Amino acid sequence: DGPGEYTERLLDLLKKYDVTVTFFTTSVYPNYAELIKREAQEGHSVAIHTYSHDYKKIYASTTAFWNDFDAQQKVVVAQTGAETKLFRFPGGSSNTMSAATTGIMTTLSKQAAAKGLVYFDWNVASGDAGATTDSAAVLKNCKDGVQDKETSIILCHDVKKYTVDAMEQFLPWAVENGYTFLPLTADSPNAHHKINN
């Protein structure tokens, strides 16, 4: 949901452990937009999450969704010099916040494919999207979540201090235990949720 106040610290940690990840960016904190450039320069994938992160506005119509998407794409291009084909739906493809507009998620997923875009969901939840604000819980959720999977896509938020705190322990643990971190690409294994609308 960044870049934001804690993104720079996270980037420093990722650099320390030689780890590359994917940032699903927003413009919720516009004063930190220049960190998108650093993300790209340091080998991370820069993807789109949303410009506004205003669910009611984004999911009011397909036009509203793509207008919001295009606004964030302009920010990404301004910072990196290139468009991205990768994104994550606000709330994930299985979200129920979009229910006021019947069938919008089904339509958006088809429109995304027609535009050559690739959306990602996740198969490991750190818990920082609302379940916890405790870094120890985030750490446990990440460790527990990856251990029974061949490929894990972990949902974490770089705008949450307790998540970045957890990464100080999770990153070295994962590296020491033989896990490989890769930034997402259009060809990466995915973890699509069941679309509910």
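The structure contained in this document is the topic of the report that follows. (Residues numbered from 1 in each chain as written. Predicted model: local features only at pLDDT ≥ 70, side-chain atom pairs only at ≥ 80, totals over all residues. Heavy atoms only, no water.)

Turning our eyes to something else, we now look at helix α6 (residues 135–146). Over its 12 residues, α6 extends 17 Å from the first C-alpha to the last, a length consistent with the 16 Å expected when each residue adds 1.5 Å. V138, L139, C142, G145 and V146 are the residues of α6 that are buried. Considered in projection along α6, the buried side chains sweep an arc of 145° and stay on one side of the axis. Packing partners of the buried residues in α6 comprise β5 (124–125), β6 (154–155) and α7 (161–176). (Helix = DSSP H or I, 4+ residues; strand = E, 2+ residues; numbered from the N terminus. Expected span 1.5 Å × (residues − 1). Buried < 20%, exposed > 50% of the residue type's maximum accessible area, 1.4 Å probe, protein only. Arc of directions from axis to C-beta. Contact = heavy atoms within 4.5 Å.)

We now examine the packing of aromatic side chains. One pass over the full model with this rule turns up 15 aromatic pairs. Taking the centre distance of 4.9 Å and the plane angle of 90° together, the rings of F65 and W66 count as edge-to-face. A relative accessible area of 3% places F65 in the buried class. Given the relative accessible area of 8%, W66 is considered buried. Here the aromatic residues Y55, Y59, F65, W66, F69, F87, F89 and Y119 are joined through ring pairs into a cluster of three or more. (Phe/Tyr/Trp six-rings, centres within 6.5 Å; stacked < 30°, edge-to-face > 60°.)

Another point: the nonpolar core. L10, L14, F23, M167, F170 and L171 are the most contacted members of the largest nonpolar core, which totals 22 residues. Looking at this core, the elements that each hand over two or more residues are α1 (7–16), α6 and α7. Looking at this core, the element that brings in the most residues is α7, giving 8 residues. Those residues within four positions of L171 in sequence are excluded, and the remaining contacts are L13, L14, Y17, V19 and F181. Among the nonpolar cores identified, the runner-up in size contains 18 residues, and V46, W66, V76 and L117 belong to it. (Core = buried A, V, L, I, M, F, W, Y, C linked by side-chain atoms within 4.5 Å.)

Among the surface-exposed residues, V28, Y29 and Y32 lie close enough to one another that they form a single nonpolar patch of about 240 Å² accessible area. Summarising the element assignment, Y29 is placed in the loop between β1 (22–25) and α2 (35–41). Residue class for Y29 comes out partly exposed when judged on its relative accessible area of 39%. (Patch = residues over 30% accessible without salt bridge, like charges linked within 9 Å, V, L, I, M, F, W, Y side chains within 5 Å. Areas by Shrake-Rupley, 256 points an atom, 1.4 Å probe, with all protein chains shown as cover. Salt bridge = Lys/Arg side-chain N within 4 Å of Asp/Glu carboxyl O.)

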